[in-house]
Amino acid sequence: MDYKKAGVDIEAGYQSVELMKEHVKKTMRAEVMGGLGGFSGAFSLAKIKEMEHPVLLSGTDGVGTKIKLAFLLDKHDTIGIDCVAMCVNDVACAGGEPLFFLDYIACGKNYPEKIAAIVKGVAEGCQQAGAALVGGETAEHPGLMPEDEYDLAGFAVGVVEEKELITGANLKDGDVLIGMASTGVHSNGFSLVRKVFDMTKESLETYYEELGTTLGDALLAPTRIYVKALKSIKDAGITVKACSHITGGGFYENIPRMLPEGMHAVVKKDSYEIPAIFKLLQKKGDIAEEMMYNTYNMGLGMIVAVDPADVEATMEAIQKAGDTPYVVGSIKAGDKGVTLC
């Protein structure tokens, strides 16, 4: 008896590392010390020490049951982008610059090419966020997970000057809400998605005219990363007073998280075009509108609040970063919460 016969292939692990090195290399920042394969990832704090009052920010997440679609379609090169996005967007909406990321892949069996494809997506997400992929872990769990399945999670660490933290503390009546377009469902609510649509390869490969693509491609579209858009706003000299990453819980849970007591958000549902995937999901699943807004991003992945005088410049900064902005509502005095109208 040996470890391989017990279900863990050490040689496959070595091969996975070799295959992923070229992808990881593309994410390196000047602060990274050492290479892939050490017991820990080293990141120099020399530049952070130059900051007046640096605050470290962290975020951790996975991709939930969206990963089931990757299994069915045998497409694993974008799910890593989702994992990075879910973490770095949380860091960015507090005003932070993501510095580095680590991933954790648990699998039933290590197929080196599949693991490399997953990490390729992780590396792509890190490049989009400007974060270094400084390490990770791939663990084989024979007997615990089916051989052809895996789970993916990770965490990001970022930094921000304390005075530049986005807290919502300075929100006032009349401030304007600007939303940034999502790429679709992102990485939340897939337990409901999988109940509405048939989860078969044939179903996911069905082309829908209203989507302009197959159902699978529409649902697997990677979560949008908003790090560059938020940095563009900051570089334009604009103060983001409050910011919300619209993830699980949709509008009703996430928008209030950016509000202090005494401030209320009003969002106009007709201020932007809701993507076709949400309309199809709602119709096919006979889902109540309130449930849709309480589960999904409904086409807005990030919402910022700015002073009315900064609206035009904010819109331009977001567009400059390659994102699509919409003026979607405003802040008013009142009980903490959100109204959709």
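Criteria and cut-off values
- Residues numbered from 1 in each chain as written.
- Predicted model: local features only at pLDDT ≥ 70, side-chain atom pairs only at ≥ 80, totals over all residues.
- Heavy atoms only, no water.
- Pairing = 2+ DSSP bridges.
- Helix = DSSP H or I, 4+ residues; strand = E, 2+ residues; numbered from the N terminus.
- Axes fitted to C-alpha atoms, helices over the stretch in contact; angles between N-to-C directions.
- Contact = heavy atoms within 4.5 Å.
- Salt bridge = Lys/Arg side-chain N within 4 Å of Asp/Glu carboxyl O.
- Buried < 20%, exposed > 50% of the residue type's maximum accessible area, 1.4 Å probe, protein only.
- Phe/Tyr/Trp six-rings, centres within 6.5 Å; stacked < 30°, edge-to-face > 60°.
- Core = buried A, V, L, I, M, F, W, Y, C linked by side-chain atoms within 4.5 Å.
- Parallel < 35°, antiparallel > 145°, perpendicular 65-115°, else oblique.
- Left-handed = near helix turned anticlockwise from the far one by under 90°.
- Nonpolar A, V, L, I, M, F, W, Y, C, P; charged D, E, K, R; others polar.

**With respect to the sheet that holds strand β3 (residues 54-62)**
(1) Moving on: The 4 strands are arranged β3-β6-β4-β5 in an open sheet whose pairing can be described as mixed. Lying at the two open borders of the sheet, with one neighbouring strand each, are β3 and β5 (132-140). Here the average twist between neighbouring strands, direction ignored, is 15°.
(2) Moving on: Pairing between strand β4 (residues 97-107) and strand β6 (residues 150-161): 10 bridges, direction antiparallel. The partner of isoleucine 105 across the bridge, within β6, is leucine 152.
(3) Moving on: The strands touched by helix α3 (residues 79-92) are β3, β4 and β6; relative to β6, the strand with the most contacts, the crossing angle is about 30°.
(4) Moving on: Packed onto the sheet, helix α4 (residues 112-129) meets β4, β5 and β6 and runs at close to 165° relative to β4.

**Some words on the pattern of salt bridges**
(1) Moving on: Tallying each qualifying case throughout the model produces 16 salt bridges.
(2) Moving on: The shortest N-O distance in the salt bridge between aspartate 82 and lysine 66 comes to 2.9 Å. Taken together, the positions of aspartate 82 in helix α3 and lysine 66 in the loop between β3 and α2 (67-73) put the pair 16 residues apart, joining distant regions of the chain.
(3) Moving on: By relative accessible area, lysine 66 is classed as buried at 0%.
(4) Moving on: The closest approach of N and O atoms between aspartate 235 and lysine 231, which form a salt bridge, is 2.8 Å. Residue aspartate 235 and its partner lysine 231 are located together in helix α8 (residues 227-235), separated by 4 residues, close to a single helical turn.
(5) Moving on: Here aspartate 235 falls in the exposed class, since its relative accessible area comes to 54%.
(6) Moving on: The class of lysine 231 is partly exposed, set by a relative accessible area of 48%.

**Things to note about the packing of aromatic side chains**
(1) Moving on: Within the structure shown, the criterion is met by 5 aromatic pairs.
(2) Moving on: Between phenylalanine 251 and tyrosine 293, the ring centres sit 5.2 Å apart and the planes meet at 85°, which makes this aromatic pair edge-to-face. Taken together, the residues span a long stretch of sequence, with phenylalanine 251 in helix α9 (residues 250-254) and tyrosine 293 in helix α11 (residues 289-293) at a distance of 42 residues.
(3) Moving on: For phenylalanine 251, a relative accessible area of 0% puts it in the buried group.
(4) Moving on: Centre to centre, the rings of phenylalanine 278 and tyrosine 296 are 6.0 Å apart; their planes meet at 50°, and the pair counts as tilted.

**Thoughts on unusual backbone geometry**
(1) Moving on: With a phi close to 60°, histidine 186 is a non-glycine residue in the positive phi region.
(2) Moving on: Note on placement: histidine 186 falls in the loop between β7 (176-181) and α5 (190-196).
(3) Moving on: Judged by its relative accessible area of 2%, histidine 186 falls in the buried class.
(4) Moving on: The phi torsion at aspartate 286 lies on the positive side, around 50°, for a residue other than glycine.
(5) Moving on: Tracing the sequence through the fold places aspartate 286 in the loop between α10 (276-285) and α11.

**Describing the nonpolar core**
(1) Moving on: One finds Leu219 and Phe251 to be the most contacted residues of the largest nonpolar core, which totals 95 residues.
(2) Moving on: Counting residues per element, this core draws most heavily on α3, which supplies 9 residues.
(3) Moving on: Ignoring sequence-local partners within four residues, the contact set of phenylalanine 251 consists of Ile246, Pro256, Val267, Tyr272, Tyr293, Tyr296, Asn297, Met298, Leu300, Val338 and Leu340.
(4) Moving on: Of all hydrophobic cores here, the second largest spans 10 residues; its members include Ile48, Ala132, Val134 and Val157.

**A short note on the packing of α3 against α4**
(1) Moving on: The N-to-C vectors of α3 and α4 enclose an angle of 40°; their axes lie 6 Å apart at closest approach. Put simply, α3 runs oblique to α4. As α3 packs across α4, the resulting crossing turns out to be right-handed. Residues Ile79, Gly80, Ile81, Val84 and Val88 of α3 form the contact with α4, whose participating residues are Ile118, Gly121, Val122, Glu124, Gly125, Cys126, Gln128 and Ala129.
(2) Moving on: For the contact of α3 with α4, a count of residues per class yields 8 nonpolar, 4 polar and 1 charged.

**Some words on the environment of glycine 95**
(1) Moving on: For glycine 95, the location among the structural elements is in the loop between α3 and β4.
(2) Moving on: C-alpha of glycine 95 to C-alpha of valine 160: the two residues are 65 residues apart in sequence and 6.3 Å apart in space.
(3) Moving on: Sequence-distant contacts of glycine 95, defined by excluding residues within four places in its chain, comprise Val160, Glu164, Ile166 and Lys234.

**Describing the pairing of β6**
(1) Moving on: Along β6, 9 of the 12 residues are buried, which leaves the element largely enclosed by surrounding structure.
(2) Moving on: As defined by bridge partners, β3 adjoins β6 across 9 bridges and the pair is classed as antiparallel. Bridged to aspartate 61 within β6 is glycine 154.

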